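Listed below, chain by chain, are the residues.
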Amino acid sequence: AETLKDINLEAFIQGLKQGSTGQKASLTEQEMAQALTLYKKRNESKQLEQFKSLAAENLKAGEAYLIENAKKAGVITRPSGLQYQVLKSATGKTPKATSKVTVDYEGRLIDNTVFDSSISRGQPVEFPLNQVIPGWTEGLQLMQEGAKYRFFIPAKLAYGEMGSGDSIGPNSALIFDVELLK
């Protein structure tokens, strides 16, 4: 239904009538194809504009959030822009970028909307550290087994300009609570 909201309804109905009564359409096949292509292009460029403006807004909001967040007690900012807070320290082993880790985590947007949580699923996740977003690869190498950290990840170390799925918009800064189980 999304694509039909700005269509010329009268022309559309007239076309339906002409088609159903076997009359010759007022547009040739080629003209119809051109009209459709033009409509798609216009629609796509409108969506692209919306996407770009959302990306710019998200980037600005994320940067502002991280600037404020950096001033909070216990928040450490790394040269990459990654910020973290130790929620629970531990003395276990520290992973390398090539290690396979098992973690429990919860991911939130900067407005605190939870978009993913292994905790609520009751199922820790296992993965090679070099196959996740850069903020995780960097951040988890700071942790020891048994520790729990909160990461504040700028968009460029998360999903960048593309975002991810329906819940993570373009250029979104993200917050993750991560517990390194092993």
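Computed from a prediction, not measured in an experiment: that's the story for all the values here.

Things to note about the overall build of the protein chain
If you tally the helices and strands in the protein chain, you get four helices and seven strands. Rg of the C-alpha trace for the protein chain: 24 Å, well past the compact-globule value of 16 Å for 182 residues, more than 25% over. Once the C-alpha set of the protein chain is aligned to its principal axes, its extents read approximately 80 × 35 × 25 Å. Residues counted as buried form 32% of the 182 residues belonging to the protein chain. For the protein chain, the proportion of contacts with a sequence separation of at least 24, taken over those separated by at least 6, is 67%.

Concerning a nonpolar patch on the surface
A cluster of nonpolar residues, L9, F12, I13 and L16, forms a patch on the protein surface that exposes about 380 Å² of accessible area. Inspection of the secondary structure assignment puts L16 in helix 1 (residues 9–20). Assessed through its relative accessible area of 51%, L16 is described here as exposed.

Quick notes on the pairing of strand 4 (residues 114–117)
In this sheet, strand 4 lies alongside strand 3 (residues 100–109) in antiparallel orientation, the contact comprising three bridges. Within strand 4, the position partnered with G107 by the bridge is D116. Following strand 3, the chain reverses through four residues before pairing antiparallel with strand 4; N112 in that reversal takes a positive phi of roughly 75°.

Concerning the nonpolar core
By size, the foremost hydrophobic cluster in this structure holds 24 residues, and its most contacted members are V103, W136, L140, F151, I153, F176 and V178. At the level of secondary structure, the elements contributing two or more residues to this core comprise strand 3, helix 4 (134–140), strand 6 (148–153) and strand 7 (174–180). In this structure, V75, F152, A173 and I175 belong to the second largest nonpolar core, which totals five residues.

With respect to the pattern of salt bridges
Going through the model one piece at a time under the given rule, you end up with eight salt bridges. Ionic pairing is found between D116 and R121, a salt bridge with its closest N-O pair at 2.7 Å. Residue classification places D116 among the partly exposed positions, given a relative accessible area of 25%. Residue classification places R121 among the partly exposed residues on the basis of a relative accessible area of 46%. We note a salt bridge from D177 to R150, for which the minimum N-O separation is 2.6 Å. Here D177 is found in strand 7, whereas its partner R150 is found in strand 6, with 27 residues between them in sequence. Taking the relative accessible area as the measure of exposure, D177 reaches 9% and is therefore buried. What makes R150 partly exposed here is its relative accessible area of 23%. Sharing partners across several salt bridges, the network here consists of E106, R108, R150 and D177.

Looking at the packing of aromatic side chains
Scanning the model with the defined rule gives eight aromatic pairs in all. When the centroid spacing of 5.1 Å and the interplanar angle of 90° are considered together, the rings of W136 and F176 count as edge-to-face. Here W136, found in helix 4, pairs with F176, found in strand 7; they are 40 residues apart in sequence, far enough to count as distant. The residues W136 and F176 share a single accessibility class, namely buried. Members of the aromatic cluster, joined through ring pairs, are Y105, F115, F127, W136 and F176.

Some points on the environment of T37
Its place among the elements puts T37 in helix 2 (residues 29–70). Overall, the relative accessible area of 40% leaves T37 in the partly exposed class. Each C-alpha atom, one on T37 and one on G160, is 30 Å from the other, the two residues being 123 residues apart in sequence. Separated by 2.8 Å, the side chain of T37 and the backbone oxygen of A33 make a polar contact.

Calculation criteria
- Residues numbered from 1 in each chain as written.
- Predicted model: local features only at pLDDT ≥ 70, side-chain atom pairs only at ≥ 80, totals over all residues.
- Heavy atoms only, no water.
- Helix = DSSP H or I, 4+ residues; strand = E, 2+ residues; numbered from the N terminus.
- Rg over C-alpha atoms; globule rule 2.2 N^0.38 Å.
- Buried < 20%, exposed > 50% of the residue type's maximum accessible area, 1.4 Å probe, protein only.
- Contact = heavy atoms within 4.5 Å.
- Patch = residues over 30% accessible without salt bridge, like charges linked within 9 Å, V, L, I, M, F, W, Y side chains within 5 Å.
- Areas by Shrake-Rupley, 256 points an atom, 1.4 Å probe, with all protein chains shown as cover.
- Salt bridge = Lys/Arg side-chain N within 4 Å of Asp/Glu carboxyl O.
- Pairing = 2+ DSSP bridges.
- Core = buried A, V, L, I, M, F, W, Y, C linked by side-chain atoms within 4.5 Å.
- Phe/Tyr/Trp six-rings, centres within 6.5 Å; stacked < 30°, edge-to-face > 60°.
- Polar contact = N/O pair within 3.5 Å; in protein donor to acceptor, adjacent residues only side chain to side chain.

Take it as geometry only, folks, not as evidence of what the structure does.
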